[in-house]
Amino acid sequence: MPTELPYAADAEVSLSYDELDVLRRQYEKELAQSHVTVQSKFNYAWGLVKSPMREHQVEGVRLLQEIYRAEPGRRRECLYYLALGHYKMGNYEEARRFNSLLREKEPTNMQASSLEQLIDDRVKREGYIGMALVGGAAAIGTILLAGLIRRARK
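Residues numbered from 1 in each chain as written. Predicted model: local features only at pLDDT ≥ 70, side-chain atom pairs only at ≥ 80, totals over all residues. Heavy atoms only, no water.

**Student:** Go over helix 1 (residues 17-32) with me, naming the residues and quoting the values.
**Tutor:** A rise of 1.5 Å per residue sets the reference length of helix 1, with its 16 residues, at 22 Å; its end C-alpha atoms lie 22 Å apart and thus fit the reference within 8%. Packing partners of the buried residues in helix 1 comprise helix 2 (38-50) and helix 3 (54-70). (Helix = DSSP H or I, 4+ residues; strand = E, 2+ residues; numbered from the N terminus. Expected span 1.5 Å × (residues − 1). Contact = heavy atoms within 4.5 Å.)

**Student:** Report on the confidence of the model for the chain, specifying residues and quantitative values.
**Tutor:** Averaged over every residue, the pLDDT of the chain is 85; the share at 70 or more is 81%. Averaged pLDDT values over the elements of the chain bottom out at 73 in helix 6 (residues 110-153) and peak at 97 in helix 3. (pLDDT = per-residue confidence, 0-100.)

**Student:** Can you lay out the packing of aromatic side chains for me, pointing to particular residues and giving the numbers?
**Tutor:** Both the distance between ring centres and the angle between the ring planes are used here to describe each pair of aromatic rings. This structure, assessed with the given rule, holds five aromatic pairs. With centroids separated by 5.0 Å and ring planes inclined at 80°, the aromatic side chains of Phe 42 and Tyr 81 adopt a geometry described as edge-to-face. Separated by 39 residues along the polypeptide, Phe 42 in helix 2 and Tyr 81 in helix 4 (residues 75-89) bring together distant segments of the chain. According to the relative accessible area criterion, Phe 42 is buried, its value standing at 5%. (Phe/Tyr/Trp six-rings, centres within 6.5 Å; stacked < 30°, edge-to-face > 60°. Buried < 20%, exposed > 50% of the residue type's maximum accessible area, 1.4 Å probe, protein only.)

**Student:** Tell me about the nonpolar core, and name the residues and values.
**Tutor:** Counting 28 residues, the largest nonpolar core has Leu 64 and Leu 115 as its most contacted members. Sorting the residues of this core by element identifies helix 1, helix 2, helix 3, helix 4, helix 5 (92-105) and helix 6 as the ones contributing at least two each. Per-element tally for this core: the top contributor is helix 4, with nine residues. (Core = buried A, V, L, I, M, F, W, Y, C linked by side-chain atoms within 4.5 Å.)

**Student:** Which residues make up unusual backbone geometry, and what values go with them?
**Tutor:** With the exception of glycine, the majority of residues adopt a negative phi angle, and the majority of peptide bonds are in the trans configuration. The phi torsion at Ser 34 lies on the positive side, around 60°, for a residue other than glycine. With respect to the element layout, Ser 34 can be found in the loop between helix 1 and helix 2. With a relative accessible area of 68%, Ser 34 lands in the exposed category.

**Student:** Describe the side chain of His 86, with residues and values.
**Tutor:** If you trace the backbone, His 86 turns up in helix 4. Its relative accessible area of 7% is what places His 86 among the buried residues. Leaving out residues up to four positions away in the same chain, His 86 has contacts with Val 61, Gln 65, Asn 91, Glu 94, Ala 95 and Phe 98.

See below:
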């Protein structure tokens, strides 16, 4: 089954300020008229998720969650975009959860498979960084303790 979902790398390319502003104005216009189309809300949410600003990403994920709950026909693509949004924010367990739901529905989905690998790689990398930080802190602590012991002996 061919899919039209973008690859995870697409989430790293932000929209220009003007492009995001067009989506925001359309969404707010419809919101003021008390009738927001699912497509306008979705487009704005995706634009926010692509943003480098965390508060935009959080708002984009919130809008996607609203669509996911209210629009059963859009759940499949929302799963992927929710996974991407959480991945960008560093919420790897949530990203993994949404991506796994999509993988259950579409085991051969190449984009979901690619995102799964990216999530796993990032978790490993951050785990290594965490271990290095703990190891560095332990080494510094040992050096300080040794210095205190030497001073105490004098």
